[in-house]
Amino acid sequence: MSFGKKDNREHTGRQDVEVDIYERLPVPFGLVRFGVAPDHPEVKNVINTFTQTAQHSRCSFYGNVNVGTDVSVKELQQAYHAVVLSYGAEGNRRMGVPGEDLAGVHAAKDFVGWYNGLPDNRKLHPDLSCETAVILGQGNVALDVARILLSPMDMLKKTDITQPALDLLAESRIRRVLIVGRRGPMQIACTIKEVREMVNLPDTRPEMVAADFKGIAEAVKEVPRPRKRLTELLLKTALDVPTEKEQEKRSKASRVWGFRFFRSPVEVLPAPDLSRAAAIRLAVNRLEGSGEGASAVPTGEVEDVPCGLVISSIGYKSLPIDPLLPFDSRKAIVPNTMGRVQKTAGVYCSGWLKTGPTGVIGTTMNNSFDTARALLEDMDSGALDVSSAKPGSQGVTPLLEKRGVKPVEFSDWEKIDNEEIKRGVAMGKPREKLLSVDEMLHVART
Amino acid sequence: MALVTATRRLVHVTLRESSRRAAVISAASLPTQSRATCLQRGFTTSTQPLRSDNKVTVHFINRDGEKITVKGSPGDSLLDVVIDQDLDFDGFGACEGTLACSTCHLIFEEEVYKQLGPVTDEEMDMLDLAYGLTDTSRLGCQICLTKSLEGMVARVPESVSDIRQSGDGSS
């Protein structure tokens, strides 16, 4: 289910395999469409490869089908020799602190979904009238959110960010974004490209706490190159005397961003009328150990940061789709070995559902290739029984019809695609996304 | 050849515009962004029809250890060669040569690596994410063929594999 990653491209040489993809939304591509930031269009080039796969004669796409409610996993197991669960992580980890549900607090997943046109998030209407926004988490998603909050309008308006988001951001009064992490600069989870983008973001200046970098210049000497380069960039940004050109940029900048380290959220504090968030209380940590395995230990001190927007970017989380399938709720993944779901013959998993919600497209793509290889191995060895014929989609579409569910085929998606591009041209953008399932279905059916 | 030249010009002009989509569709499997990199760096290509003496031999070692020998033209990137020659490396070149991934990661011998020229920060930033990074690693979409690289060997390293992941959610 869902089309996030291609797990069958290199095996188109096998004449005997047909693949059907079931996706809840009328549109394919998952996080490549709804997660990748609008100002990172090159990252979405992989859609071209996905499209080639979908257009393969032995591949069919069935959008607008909700596995779990429109058709059960059991019914899919009856219709197909193998079922691959690839539905990712649509939930998010909660901070688990008081005030988390106040107005003004959002999960990064929802904020990103909002500016990327995910139908379920179109009514988010975040309040951007405050001066300071605090983002918890320091992964690439946190940096995407910071960058979208602080990017100049003339950059954003040329992207496929949704028009309602663009309109709201144009009115934003946010001038300061703090990106907060539990641990120190050497444990930061984002990657260097995204940090460089913040450093180079026009009309902004960095503001860090020098004390956070104590001992880092020494510690950085012994680490592998990727971590070293990233840390050196942080050090340079936080501590070095800027060049004349950079100094000029900083003095003219109207917006500020910065990392804050050694801080964990303990409470979101409400405004006097209790209607919304007005500050976040952060526990001050110290680091125990070093490197990737270092842990944050509370010191007992706390610090309150006034802010009107709190975005929690501490991780996505997979949800169970069917009570009969094994699910590890501690790790929030489907228990598996090399993509083979434990204790469930004929069921496999790939992507974030398999390994947890981290990794870039390349990582997840390779993880999916591995699942495909395991599946083909099982076909060849007999571990997966393919001896008797199975009806495939012919066993499923009658059920869907009976239940009043009309799938969207790939050629229908192409109509939606063309409509979005057409609307985008009128706005000077690569596309203007359709924002509701109803609108998507309407275009798909005409 | 005319199509390729025309496409290069189109991409050169419109690289970061929305009409890139038109370029990608009209040149189906050609990594037009990748060729643009070599053009932008001033690697000129012959405007004459391809002749065998204007080709550069490249040996790829695939993930099974097999050697595959192909030819490319000066000005092609190694990603262009992989695509043009239809070499079957899983997931190679996912972002189509735009420095948005590390799937075209290749490893070279010391001597060849030294000839490949300087690495930009932009390339290094993505290379840093590659699995099995070495001191002689580069991204194939940034390596432009020249006659002096005749006979070069490029090894396709292992990509992240499930053998490393135990299914416990750690990556």
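Every value quoted in this text rests on a predicted model; they were computed, and no experiment measured them.

Engineer: In this structure, what is going on with the environment of N62 of chain B? I would like to understand it.
Structural biologist: Residue and element names in this part refer to chain B. Structurally, N62 can be placed in the loop between strand 1 (56-61) and strand 2 (67-72). Look at N62 and you get buried, because its relative accessible area is 12%. With residues near it in sequence (within four places) discarded, N62 still touches I68, F89 and V156. One polar contact links N62 to E66, side chain to side chain, over a distance of 2.8 Å.

Engineer: It is not clear to me how the state of the cysteines should be interpreted in this structure. Could you clarify?
Structural biologist: Here is the idea: a disulfide is a covalent bond, and it sits between the sulfur atoms of two cysteines. Residue and element names in this part refer to chain A. Following the criterion strictly, the structure yields one disulfide over all chains and no others. Lacking any disulfide linkage, C130 is separated from the closest cysteine sulfur, that of C307, by 7.3 Å. We classify C307 as buried; its relative accessible area is 6%.

Engineer: Would you explain the packing of helix 15 (residues 410-427) of chain A against helix 16 (residues 437-445) of chain A in this entry?
Structural biologist: Pairs of packed helices are described in terms of their axes, by the angle between the two and the distance that separates them. Residue and element names in this part refer to chain A. Where helix 15 contacts helix 16, the axes come no closer than 8 Å and their chain directions differ by 110°. Viewed along their axes, helix 15 and helix 16 adopt a mutual orientation that is roughly perpendicular. Residues D412, K415, I416, E419 and R423 of helix 15 pack against E439, M440, V443, A444 and R445 of helix 16.

Engineer: Just to check I follow, could you spell out the UniProt feature "binding site: NADP(+)" (unreviewed entry) in chain A for this structure?
Structural biologist: All names here are of chain A. Here, the residues flagged by UniProt with the feature "binding site: NADP(+)" (unreviewed entry) are Q138, G139, N140, V141, R182, R183, E194 and G359. In this fold, N140 is placed in helix 5 (residues 140-150). In this structure N140 comes out as partly exposed when scored by relative accessible area, which is 21%. Beyond its immediate sequence surroundings of up to four residues, N140 is in contact with C190, T191 and E194. Given a relative accessible area of 49%, R182 falls into the partly exposed group.

Engineer: Is there a simple way to think about the sheet that holds strand 11 (residues 277-288) of chain A in this case?
Structural biologist: Residue and element names in this part refer to chain A. Strand order in the open sheet formed by three strands is 10-11-12, with antiparallel pairing between adjacent strands. Since the sheet does not close on itself, it has two edges, and those belong to strand 10 (263-270) and strand 12 (295-306), each with one partner. Strand-to-strand twist of the sheet, defined as the mean angle between neighbouring strand axes without regard to direction, takes the value 20°. Where strand 10 lies against strand 11, seven bridges are found, and the strand directions are antiparallel. Residue pairing in the sheet places V268 in a bridge with I280 of strand 11.

Engineer: Where do I start with the environment of R431 of chain A in this structure?
Structural biologist: Residues and elements named next belong to chain A. Along the polypeptide, R431 turns up in the loop between helix 15 and helix 16. At 2.7 Å, the side chain of R431 and the side chain of D417 are in polar contact. Of note is the side chain of R431, whose polar atom sits 2.8 Å from the side chain of E420.

Engineer: Looking at this model, I keep getting lost on the UniProt feature "binding site: FAD" (unreviewed entry) in chain A. Mind explaining?
Structural biologist: All names here are of chain A. Following the UniProt record, one finds the feature "binding site: FAD" (unreviewed entry) at E23, L31, V67, W352, G359, V360 and I361. The annotated residues occupy 339 residues of the chain and do not converge on a single region, their most distant C-alpha atoms lying 25.6 Å apart. Here V67 shows up in the loop between strand 2 (59-62) and helix 3 (73-79). Structurally, the position occupied by V360 is in the loop between helix 12 (352-355) and helix 13 (361-381).

Engineer: How should I be thinking about the domain arrangement of chain A in this particular structure?
Structural biologist: Size of an interface: often given as the accessible area lost when the parts come together. Residues and elements named next belong to chain A. Domain annotation for chain A reports domain 1 (19-90 + 318-445) and domain 2 (94-314). The gap between the C-alpha centroids of domain 1 and domain 2 is 32 Å. In this assembly, 23 residues from domain 1 lie in contact with 24 residues from domain 2. Across the domain 1 to domain 2 interface the summed buried area is about 2,000 Å²; carbon plus sulfur atoms make up 55%. Applying the counting rule to domain 1 against domain 2 returns two salt bridges. R147 is the salt-bridge partner of D39, the closest N and O atoms lying 2.7 Å from each other.

Engineer: Would you explain the nonpolar core in this entry?
Structural biologist: In globular proteins that are soluble, nonpolar side chains generally tend to be buried together. Among the nonpolar cores identified, the biggest contains 45 residues, and Y115, V145, L149, V177, I179, V195 and F259 of chain A are the most heavily contacted of them. The contacts of F259 of chain A, once residues within four sequence positions are left out, are Q138, L143, I179, I188, C190, V195, E207, M208 and L234 of chain A. Grouped together as the second largest cluster of nonpolar side chains are 29 residues, A54, F61 and F410 of chain A together with C95 of chain B included.

Engineer: Which parts of the structure should I look at to understand the side chain of S172 of chain A?
Structural biologist: As for its placement among the helices and strands, S172 of chain A is situated in the loop between helix 7 (163-170) and strand 7 (176-180). A distance of 3.1 Å separates a polar side-chain atom of S172 of chain A from the backbone nitrogen of I174 of chain A.

Engineer: Could you clarify how one ought to interpret helix 16 of chain A in this entry?
Structural biologist: Residues and elements named next belong to chain A. Turning to helix 16, its buried residues number three or more, namely M440, L441, V443 and A444. Seen from one end, helix 16 has its buried residues packed into an arc of 165°, which puts them on one side. For helix 16, the exposed residues lying more than 90 degrees away from the buried face are D438 and H442. Looking at the packing, one finds that the buried side of helix 16 touches helix 1 (31-34) and helix 15.

Engineer: Help me understand the packing of aromatic side chains, please; the structure alone is not making it clear to me.
Structural biologist: For any pair of aromatic rings, the description rests on two quantities: the centre-to-centre distance and the angle between the ring planes. Residues and elements named next belong to chain A. Following the criterion strictly, the structure yields 15 aromatic pairs over all chains and no others. Both rings, one in F29 and one in F410, keep their centres 6.5 Å apart while their planes meet at 80°; by these two values the pair is edge-to-face. Note that F29 is positioned in the loop between strand 1 (19-22) and helix 1 and F410 in helix 15, a separation of 381 residues in sequence. Accessibility expressed as a relative area gives 1% for F29, which makes it buried. Ring geometry for F29 against W413: centres 5.6 Å apart, planes inclined by 85°, an arrangement best described as edge-to-face. Taken as a pair, F29 in the loop between strand 1 and helix 1 and W413 in helix 15 lie far apart in primary sequence, 384 residues in all.

Each value, and the rule that gives it
- Residues numbered from 1 in each chain as written.
- Chains lettered and ligands numbered in written order.
- Predicted model: local features only at pLDDT ≥ 70, side-chain atom pairs only at ≥ 80, totals over all residues.
- Heavy atoms only, no water.
- Helix = DSSP H or I, 4+ residues; strand = E, 2+ residues; numbered from the N terminus.
- Buried < 20%, exposed > 50% of the residue type's maximum accessible area, 1.4 Å probe, protein only.
- Contact = heavy atoms within 4.5 Å.
- Polar contact = N/O pair within 3.5 Å; in protein donor to acceptor, adjacent residues only side chain to side chain.
- Disulfide = S-S within 2.5 Å.
- Axes fitted to C-alpha atoms, helices over the stretch in contact; angles between N-to-C directions.
- Parallel < 35°, antiparallel > 145°, perpendicular 65-115°, else oblique.
- UniProt positions renumbered as here; feature names shortened; annotations may be inferred.
- Pairing = 2+ DSSP bridges.
- Domains from an automatic or database assignment.
- Buried area = accessible area lost by both parts, 1.4 Å probe.
- Salt bridge = Lys/Arg side-chain N within 4 Å of Asp/Glu carboxyl O.
- Core = buried A, V, L, I, M, F, W, Y, C linked by side-chain atoms within 4.5 Å.
- Arc of directions from axis to C-beta.
- Phe/Tyr/Trp six-rings, centres within 6.5 Å; stacked < 30°, edge-to-face > 60°.

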